[in-house]
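Single-letter residue listing:
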Amino acid sequence: MYTPLMADAGSSRAKGSSAGGGRSVTIVGAGLAGSLLAIYLARQGMRVRVFERRPDPRAKGYAGGRSINLALSVRGLWGLAGVGLDKVVMAQDAVAMRGRMLHPITPPPGGAALPFQAYSSNPHDAINSVSRGGLNLTLLNAAAAEPNVELHFEQRCVDIDPDSGTAVFQAEAIAAARGLSLAVSGPTTSVRSDLILGADGAFSAVRQRLIKIDRFEYAQSYLGHGYKELHIPPAAGPGGVGGTRTPDGLERERYRLEPHALHIWPRGASMMIALPNRDGSFTCTLFWPFEGEHSFANLRTDEEVREFFSSQYPDAVPLMPTLVEDFRRNPVSSLVTVRTWPWSYVSDSGHAAAVLGDAAHAIVPFYGQGMNCAFEDVRVLAELLARDPGDIRGVLGEFERSRKPDAEAIADMAIENFEEMRDKTARADFLYKKRVEQTVHEMFPDRATPQYNLVSFSTVPYARARALGREFDRIVAQVVGSVPAPAGQIVDPMWRDRVRLAASEAFAAADRAKG
């Protein structure tokens with residue numbers, strides 16, 4: 001079983017610098033996982049070449065309109081900390097979100113505050129909103145600063161030969177013609193290396209080649225929902241140093257909504273969310289069915305868009321001056337879960353190929369863990385390579401065996417959390433269950449921890465987090481059954497005493513059942 005190294009690699013290039021033994025590595029994909037992986041392996045002394053089919057975002061700017069903002073949590077920060085980038089990212093790219101803020105169709109009466117569901121009983125626990133494009137630029141700049149990293153853009157992987165360690169790339173530029181963007185293909189280049197690593201996303205070219213090998217398994221499943229990005233611009237705040245600052249240093253007047261929350265407009269079978277950015281804007285994402293009444297297919301004209309949003313998201317419409325233009329321009333993208341096994345292949349000659357991150361286990365975004373899981377993959381693989389650089393077969397075998405159960409667990413939990421976010425967050429019974437859950441956790445922190453906390457605020461393996469979370473769910477269900485929701489919103493000391501007693505009895509019964 002994989003056990004993490006005790007010390008972070010930090011920013012030192014000397015630490016582990018000879019571990020790679022001069023091994024050559026080709027990384028396919030210069031996204032988040034590929035860029036971070038390049039830094040790790042370069043600092044182990046490996047010669048790293050990274051190939052990406054998109055243009056260089058450092059020169060051309062990040063292509064928005066298709067990206068869901070990301071939620072960086074403890075696992076992702078652990079991955080970044082191994083190369084000393086966790087504090088850099090938190091300082092320049094992240095906005096802390098300490099809970100969900102719910103937006104019903106009808107505003108709370110009397111101008112009351114919107115419902116807020118804290119993620120944890122610990123007020124310091126938060127997930128962090130980061131822009132995919134901004135974080136990618138941070139990681140690419142760090143990778144480019146490594147002397148033994150080469151970055152190649154507009155190079156599409158068209159084939160790999162894992163037996164010889166050869167990857168074939170075709171130059172591919174985007175040209176504009178008559179208002180359309182067209183891919184223009186150029187010459188191909190063959191690149192040989194000791195190790196090919198596919199960090200090229202859910203539709204990985206490396207994985208597509210590996211699954212042609214006998215006994216490689218692959219499955220993909222799509223939700224009946226897609227997603228589309230919208231935008232809330234910054235408010236015209238005072239700017240400069242004169243504005244009111246949040247405890248995290250954000251200028252509050254720049255934000256049209258509470259900046260330290262993930263905003264949700266739950267509407268049963270669909271929802272909209274909004275995540276804050278450091279410039280005061282919010283990235284909004286619609287998660288709607290492709291077909292049906294509350295669907296993308298149902299809105300065909302600009303007037304239908306305006307009318308529908310005014311009826312379903314009335315408090316958001318005044319904040320979105322480019323709503324119609326964004327809805328018309330930005331694409332609808334699909335939501336896919338990918339499962340594959342194994343994740344690696346080692347030839348008799350010792351050449352090897354493997355996939356990681358979304359290329360091995362793409363998941364839907366509703367637990368905010370796709371990037372975090374990928375960053376865990378990166379650090380786990382890098383540390384295994386550093387420990388035993390001469391045994392690539394053993395390293396890749398241990399990597400995939402240790403990570404596969406956790407990838408399966410978070411894939412399932414992400415789908416389950418979609419139902420919670422869209423259907424349950426506005427229900428009174430769910431809100432009461434969450435109140436009980438956090439109260440019991442606060443009273444008995446050493447006995448049980450909610451699944452969400454284990455997933456988002458710890459590095460407990462996902463499979464273990466799921467098992468422990470289900471145990472705690474049974475305790476919470478018993479408490480809810482014994483202590484009905486009190487009338488009104490005020491939770492008095494007597495209610496807490498009843499919760500404590502019911503939880504103590506539930507824990508004792510669980511202990512007896514275990515023997």
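Scroll up a little and you will see the structure.
Just so it is clear, the structure is predicted and the values come from calculations on it, not from any experiment.

What counts, and at which threshold
Residues numbered from 1 in each chain as written. Predicted model: local features only at pLDDT ≥ 70, side-chain atom pairs only at ≥ 80, totals over all residues. Heavy atoms only, no water. Pairing = 2+ DSSP bridges. Helix = DSSP H or I, 4+ residues; strand = E, 2+ residues; numbered from the N terminus. Axes fitted to C-alpha atoms, helices over the stretch in contact; angles between N-to-C directions. Contact = heavy atoms within 4.5 Å. Parallel < 35°, antiparallel > 145°, perpendicular 65-115°, else oblique. Left-handed = near helix turned anticlockwise from the far one by under 90°. Nonpolar A, V, L, I, M, F, W, Y, C, P; charged D, E, K, R; others polar. Core = buried A, V, L, I, M, F, W, Y, C linked by side-chain atoms within 4.5 Å. Buried < 20%, exposed > 50% of the residue type's maximum accessible area, 1.4 Å probe, protein only. Expected span 1.5 Å × (residues − 1). Salt bridge = Lys/Arg side-chain N within 4 Å of Asp/Glu carboxyl O. Phe/Tyr/Trp six-rings, centres within 6.5 Å; stacked < 30°, edge-to-face > 60°.

With that out of the way, let us pick up the sheet that holds strand 7 (residues 127–130). One open sheet accounts for three strands, arranged 3-7-4; its pairing is antiparallel. Where the open sheet ends on each side, the last strands, each with one partner, are strand 3 (70–72) and strand 4 (94–97). Recorded for the sheet is a direction-independent mean angle of 40° between the axes of neighbouring strands. Here strand 4 runs beside strand 7; their pairing, made up of four bridges, is antiparallel. Bridge pairing links Ala96 to Asn128 in strand 7. Running over the sheet, helix 10 (residues 370–387) touches strand 3 and strand 7 and is turned about 50° from strand 3.

The contact between helix 1 (residues 32–42) and helix 5 (residues 132–144) brings their axes to 9 Å, and the two run at 25°. Here helix 1 lies roughly parallel to helix 5, going by the angle between them. For the element pair helix 1 and helix 5, the recorded crossing hand is left-handed. Together, Leu32, Ser35, Leu36, Ala38 and Ile39 of helix 1 and Arg132, Leu135, Asn136, Leu139, Leu140, Ala142 and Ala143 of helix 5 make up the contact between the two elements. Residues that form the contact of helix 1 with helix 5 fall into these classes: nine nonpolar, two polar and one charged.

This part covers the nonpolar core. Counting residues in hydrophobic clusters, the biggest one holds 71 residues, and the most contacted among them are Ile27, Leu41, Val48, Leu80, Leu197, Leu210 and Leu381. One finds Leu102, Leu262, Leu275 and Ala411 within the second-largest nonpolar core, a separate group that totals 31 residues.

A few words now on helix 3 (residues 74–81). Across the eight residues of helix 3, seven count as buried, placing the element largely inside the fold. Within helix 3, burial applies to Arg75, Gly76, Leu77, Trp78, Gly79, Leu80 and Ala81.

Moving on, we come to helix 12 (residues 428–443). In an α-helix, one full turn covers 3.6 residues, which means residues spaced three or four apart are oriented alike. With 16 residues, helix 12 ought to run about 22 Å at 1.5 Å a step, and its terminal C-alpha atoms sit 23 Å apart, in line with that. The complete set of buried residues in helix 12 reads Phe430, Tyr432, Lys434, Val436, Glu437, Gln438, Thr439, Val440, His441 and Met443. Those residues of helix 12 hidden inside the fold are in contact with strand 5 (99–102), strand 6 (116–118), helix 11 (392–424), helix 13 (451–456), helix 14 (462–482) and helix 15 (493–514).

On inspection of all chains with the given rule, the structure shows 27 salt bridges. With a shortest N-O distance of 3.8 Å, Asp159 and Arg209 are connected by a salt bridge. Of this pair, Asp159 sits in strand 9 (residues 155–161) while Arg209 sits in helix 6 (residues 205–210), and the two are 50 residues apart along the sequence. For Glu303, the salt bridge goes to Arg306, with nearest N and O atoms at 3.5 Å. You can see Glu303 and its partner Arg306 sitting in helix 7 (residues 302–312), three residues apart, about one turn around the helix.

Our focus in this paragraph is the packing of aromatic side chains. Applying the stated criterion across every chain, the model contains 19 aromatic pairs. For the pair Phe308 and Phe309, a centre-to-centre distance of 6.5 Å together with 80° between the ring planes defines the contact as edge-to-face. Geometrically, the ring pair formed by Phe309 and Phe327 is edge-to-face, given 6.0 Å between the ring centres and 80° between the ring planes. Taken together, the residues span a long stretch of sequence, with Phe309 in helix 7 and Phe327 in helix 8 (residues 323–329) at a distance of 18 residues. For Phe309, a relative accessible area of 0% puts it in the buried group. An aromatic cluster of three or more residues is present, and its members are Trp288, Phe296, Phe308, Phe309, Tyr313 and Phe327.

This part is about the sheet that holds strand 19 (residues 352–355). In a beta sheet, neighbouring strands pair by backbone hydrogen bonds and run either parallel or antiparallel. Here six strands make up an open sheet; going across it, the order is 8-2-1-12-19-18 and the pairing mixed. Single-partner strands in this sheet number two, and they are strand 8 (149–152) and strand 18 (344–346). Averaged over all pairs of adjacent strands, the angle between strand axes in this sheet comes to 15°, irrespective of strand direction. Here strand 1 (residues 24–28) pairs with strand 12 (residues 195–198) via four bridges, running parallel. Looking across to strand 12, one finds that Ile27 is bridged to Leu197.

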